[in-house]
Every structure is written in structure tokens, then in C-alpha cells.
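Spelled out, the chains give:
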Amino acid sequence: MKPLILTMGEPAGIGAEITAGAWRALRASGPCFALIDDAGRDFGVPVARISAPEDAGAVFAQALPILHRPLAVPVVPGKPSPAHAGAVIGAIEEAVALAKSGRASGVVTNPIQKASLTAAGFPQALAKAIARLNPALIMETTRIVDAALKRDFGIAAPRLAIAGLNPHAGEAGTMGREEIDIIAPAIAALRAEGIDARGPMPPDTMFTALARPGYDAAICLYHDQALIPIKTIDMAGGVNVTLGLSIIRTSPDHGTALDIAGKGLADPASLIAAIRLAGELAQKRGLA
């Protein structure tokens, strides 16, 4: 099997700890993976420096395979350094390139520190996301989800619930008109294409236990609208999957946990779930 490639994530966070935990859990069963990171760091498990992803399988049962990429300055757990931003971004770029070239079966990204990347020039703002909202973007996203559920998850006729933006889905326009002017027209157009899109649904009730059986996936309009219910329902088992790419990309459903970094308290469960899901998707797509 072609290995998955894990990225280092924020070096000052829990990435190294959960990667080591994932290797311990998966070393015998797989899926096999290699990590892009500084092999000189203390991972608490045996490590093997490899020169190419193709070498990971031969050592995976005995040691954590690492594509050695030295960091510019030493890592201090819990204290991110802007000097690491280039290596964090570079690891993601390299992992994507390996997957696109067919040398890796997919990419699993360890948690990154958004503030460090913002300092390096990556913009982050909820207001900008809301300002970009338009029917075409909603339709494009929903088509991607519909296709992925059919291809990767075996759901022949996905039922897709599209969330409203405002509380109570706008309350007939009295709490905002995005539902009327943007979201509802997108849903109507999607249904005309044969996609089972439903909504806009009130975001304060659509994630309850009674509501969830009515759809296969929820289309949310910004980060926290989706991640709050996911993390509430299953923080340890939640996995981020980026759909619509030419490659497989997953990640654990939590952040860098700077407050516990280096203390041996990090739970690798979500990263293990992310690795397993990436491996399953690779098998289904014939990429392994």
C-alpha cells in the first residue's frame, strides 16, 4: 500500500504526541504512514529517517517513518514561533505534491496554529466568509458533497440539509434576508438539477438528535456552525475531510492544544480516526 503522508502541524502543539500515539495504535494493522517533520525532535517512540515515501512500509512496524525536514529554531511546547510558519506550510505543500504525483495515497494534516499562519500572510475573518456567500458558492459546495457521498461513502441518493445563516433561518426575513435572497434560490436550483437539497433549516435546531435522521449531511455556511455540533457529538472520533480535491485529505477534529502540549496528556483518537478514514477512502478510490 502506498503510505499516507502526515504533516507536522504546529510544532509547539500536540502534533508530535498524537502522531506517536497513532503510530503505536496502527503500527501492526496500518494504514501505513510517513510523517514530514524534524526527525531530531523527541517523539517518545522509535523513529526512522527515510529518504522517500516508498521506504515507509519497510520500517513502519518497527519505527515511525519520518521525512526529515529540520526546523529553523528549537521547539518550545506550548509556545508557537513565527520562525516555524514556513516549515508548517512547506510540509503541507510537500505532502500535497506527493499525493498528486501518486507517491502517497493521501494526506493527513496535523493541527495548525491559525495565528502563526495569519502572521505569515494567510487572512482569517468570519466577516469575509459571510460577505462571499452567494447562490453559486452554495450550489458548488452542495454538488461536491453530493458527489463525494455517492463516490466515497456509498450513499446512492444523498439527502442534504442546508443551514440558514441567521438565527431561526431568518424568521421570514425579520432576522436577516440571506435565507430569502441567497440560500433558498440556491436550493431551488439544486433541486431542479436532481439533488435532494433541503432547507434553509434553522441552525439552532437542525443538529438535534430528532432532526439528524432526516438528512445524510449538513451543508453549513461557516466554520463554527459545522464544527460546534460535530465536536459536541463526537469530539474524539470527529474527522475533517476536504471534499472536491483531486487527492484525499483528512485531519483530526481539534486544534493544537497548546495548553497541554508536551505534558503527555494528548488523546490521539481523532488523528487515528483521520488516518483510518483516509486509508479507507484510498482503498475505495484504488489509490492504496
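Our subject is the structure listed above.
Definitions and cut-offs
- Residues numbered from 1 in each chain as written.
- Predicted model: local features only at pLDDT ≥ 70, side-chain atom pairs only at ≥ 80, totals over all residues.
- Heavy atoms only, no water.
- Pairing = 2+ DSSP bridges.
- Helix = DSSP H or I, 4+ residues; strand = E, 2+ residues; numbered from the N terminus.
- Axes fitted to C-alpha atoms, helices over the stretch in contact; angles between N-to-C directions.
- Buried < 20%, exposed > 50% of the residue type's maximum accessible area, 1.4 Å probe, protein only.
- Right-handed = clockwise from strand over helix to strand, strands pointing away.
- Phe/Tyr/Trp six-rings, centres within 6.5 Å; stacked < 30°, edge-to-face > 60°.
- Expected span 1.5 Å × (residues − 1).
- Contact = heavy atoms within 4.5 Å.
- Core = buried A, V, L, I, M, F, W, Y, C linked by side-chain atoms within 4.5 Å.
- Polar contact = N/O pair within 3.5 Å; in protein donor to acceptor, adjacent residues only side chain to side chain.

### Looking at the sheet that holds strand E8 (residues 217-219)
The pairing of strands in a sheet happens through backbone hydrogen bonds and is either parallel or antiparallel.
Phase 1: Read from one edge of the open sheet, three strands run E7-E6-E8, paired in parallel fashion. Every other strand in the sheet has two partners, leaving strand E7 (196-201) and E8 as the edge strands with one partner each. Across the sheet, the mean angle separating the axes of adjacent strands is 30° when strand polarity is ignored.
Phase 2: One ladder, built from three bridges, connects strand E6 (residues 159-163) with E8; its direction is parallel. Residue pairing for E8: Ile162 is matched across the bridge by Ile219.

### Remarks on the pairing of E6
Phase 1: Within E6, four of the five residues are buried, which leaves the element mostly enclosed by the surrounding structure.
Phase 2: Looking at chain direction, E6 and E7 are connected through four bridges and run parallel. Looking at the pairing, Arg159 lines up with Asp196 of E7.
Phase 3: Assessed by its sense of winding, the connection that carries the chain from E6 through helix H7 (residues 178-192) to E7 is right-handed.

### Structural notes on the packing of aromatic side chains
Phase 1: Evaluated as defined, the whole model comprises one aromatic pair.
Phase 2: Seen in terms of ring centroids, Phe33 and Phe60 are 5.1 Å apart; in terms of plane orientation they differ by 75°. Their pairing is edge-to-face. Here the residue Phe33 occupies a position in strand E2 (residues 33-37), and Phe60 occupies one in the loop between helix H2 (56-59) and strand E4 (64-68), the gap between them amounting to 27 residues.
Phase 3: On the accessibility criterion, Phe33 (0% relative accessible area) is buried.
Phase 4: According to the relative accessible area criterion, Phe60 is buried, its value standing at 4%.

### A few points about helix H1 (residues 15-26)
Phase 1: Between the first and last C-alpha of H1 there are 16 Å, a value that for 12 residues agrees with the 16 Å anticipated at 1.5 Å per step.
Phase 2: With nine of 12 residues buried, H1 lies mostly within the body of the structure.
Phase 3: Listed in full, the buried residues belonging to H1 are Gly15, Ala16, Ile18, Thr19, Ala20, Gly21, Ala22, Trp23 and Leu26.
Phase 4: Residues of H1 that are buried make contact with strand E1 (4-7), E2, E4 and helix H9 (269-285).

### Considering the nonpolar core
Phase 1: Counting 46 residues, the largest nonpolar core has Ile5, Phe33, Leu64, Val108 and Ile275 as the members making the most contacts within it.
Phase 2: Among the elements of the structure, E1, H1, E2, E4, helix H3 (85-100), strand E5 (106-109) and H9 are those that each provide at least two residues to this core.
Phase 3: If one sorts the elements of this core by residue count, H9 sits on top with eight residues.
Phase 4: Those residues within four positions of Val108 in sequence are excluded, and the remaining contacts are Leu4, Ile5, Leu6, Thr7, Thr250, Ser251, Leu271, Ala274, Ile275 and Ala278.
Phase 5: In terms of nonpolar packing, the next biggest core, distinct from the first, is built from 18 residues, Ile162, Ile182, Ala217 and Ile219 among them.

### With respect to the side chain of Arg41
Phase 1: Following the sequence through the fold, Arg41 ends up in the loop between E2 and strand E3 (47-50).
Phase 2: For Arg41, a relative accessible area of 17% gives the class buried.
Phase 3: There is a polar contact of 2.8 Å between the side chain of Arg41 and the backbone oxygen of Pro11.

### Some remarks on the side chain of His84
Phase 1: One can find His84 in the loop between E4 and H3.
Phase 2: Setting aside chain neighbours within four positions, we find His84 in contact with Glu10, Pro11, Leu71, Val73, Pro74 and Val75.

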